[in-house]
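These are the residues of each chain, in order.
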Amino acid sequence: MTNYLKIGMMLLLLTLVGFAVHYFLLQSLGLSAQWERSDYTLLGMYSFAAIGSLLVFVLMVLTKFSMPDRIAFVFLGAFMVKAVANYLYIKEGLGSFENKFLELNFLAVFFLFLFFDVFVAYVIVNQDEKTVEN
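The structure reproduced in this document is the subject of the present report. In this text, all values refer to a predicted model and were calculated from it rather than measured experimentally. (Residues numbered from 1 in each chain as written. Predicted model: local features only at pLDDT ≥ 70, side-chain atom pairs only at ≥ 80, totals over all residues. Heavy atoms only, no water.)

**Quick word on the overall build of the chain**
A count of helices and strands for the chain gives four helices and zero strands. Traced from its N-terminal end to its C-terminal end, the chain shows the element sequence α-α-α-α. Counting only C-alpha atoms and orienting by the principal axes, one finds that the chain spans roughly 65 × 25 × 15 Å. Within the chain, contacts between residues at least 6 apart in sequence are counted, and of these 77% link residues at least 24 apart. Only carbon and sulfur atoms are counted for the fraction: they give 70% of the accessible area of the chain, which is about 8,800 Å². Separation of charge centres in the chain, based on 8 positive and 10 negative side chains, amounts to 3 Å. (Helix = DSSP H or I, 4+ residues; strand = E, 2+ residues; numbered from the N terminus. Contact = heavy atoms within 4.5 Å. Areas by Shrake-Rupley, 256 points an atom, 1.4 Å probe, with all protein chains shown as cover. Lys, Arg positive; Asp, Glu negative; His and termini not counted. Charge placed at Lys NZ, Arg CZ, Asp CG, Glu CD.)

**Quick look at the packing of helix 3 (residues 71-90) against helix 4 (residues 101-125)**
One can describe the packing of helix 3 onto helix 4 by two numbers: an axis separation of 12 Å at closest approach and a directional angle of 165°. Overall, the two elements helix 3 and helix 4 adopt an arrangement that is roughly antiparallel. Helix 4 is crossed by helix 3, and the crossing has right-handed handedness. Note on element contacts: helix 4 touches helix 3 through Leu102, Phe106, Phe110, Phe113, Leu114, Asp117, Val118, Ala121, Ile124 and Val125, opposite Ile71, Phe75, Phe79, Lys82, Ala83, Asn86 and Ile90. (Axes fitted to C-alpha atoms, helices over the stretch in contact; angles between N-to-C directions. Parallel < 35°, antiparallel > 145°, perpendicular 65-115°, else oblique. Left-handed = near helix turned anticlockwise from the far one by under 90°.)

**Observations regarding the packing of aromatic side chains**
All told, the structure shown has twelve aromatic pairs when counted by the stated rule. Relative to tyrosine 89, the ring of tyrosine 40 lies with its centre 5.4 Å away and its plane at 70°, an arrangement referred to as edge-to-face. Here the residue tyrosine 40 occupies a position in the loop between helix 1 (2-29) and helix 2 (42-66), and tyrosine 89 occupies one in helix 3, the gap between them amounting to 49 residues. Owing to a relative accessible area of 10%, tyrosine 40 belongs among the buried residues under this scheme. According to the relative accessible area criterion, tyrosine 89 is partly exposed, its value standing at 23%. Look at phenylalanine 110 and phenylalanine 111: their rings are 5.6 Å apart centre to centre, the planes differ by 75°, and that puts the pair in the edge-to-face class. (Phe/Tyr/Trp six-rings, centres within 6.5 Å; stacked < 30°, edge-to-face > 60°. Buried < 20%, exposed > 50% of the residue type's maximum accessible area, 1.4 Å probe, protein only.)

This is how it looks when you write it as structure tokens:
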């Protein structure tokens, strides 16, 4: 169970560090004022993506214990649901900036958490079952 706690802490760390780097990068480039023209926020994007990754992680862990031979299908299904949910989240803002500000920020957050989800799937699939032998 400690490996799963480590992955959860990695998700929290990724979210905090990713948000801080993204925020300060936008501040240093002078682009943070463009968020005022949008109904979205950087914090909202990171929160939505982190919650989605947490749900994928929990679903993968539950699948690992209940039907480990189907974990790849569950990952693909969960990722598809997450991708559709992300699209539904951002679709109202698509095309609202002529310089693709919202789209590029959304893609940066989406791919950051996509890499995390793939890493989690890799760790869970390749995790060895430890058995106690008498």
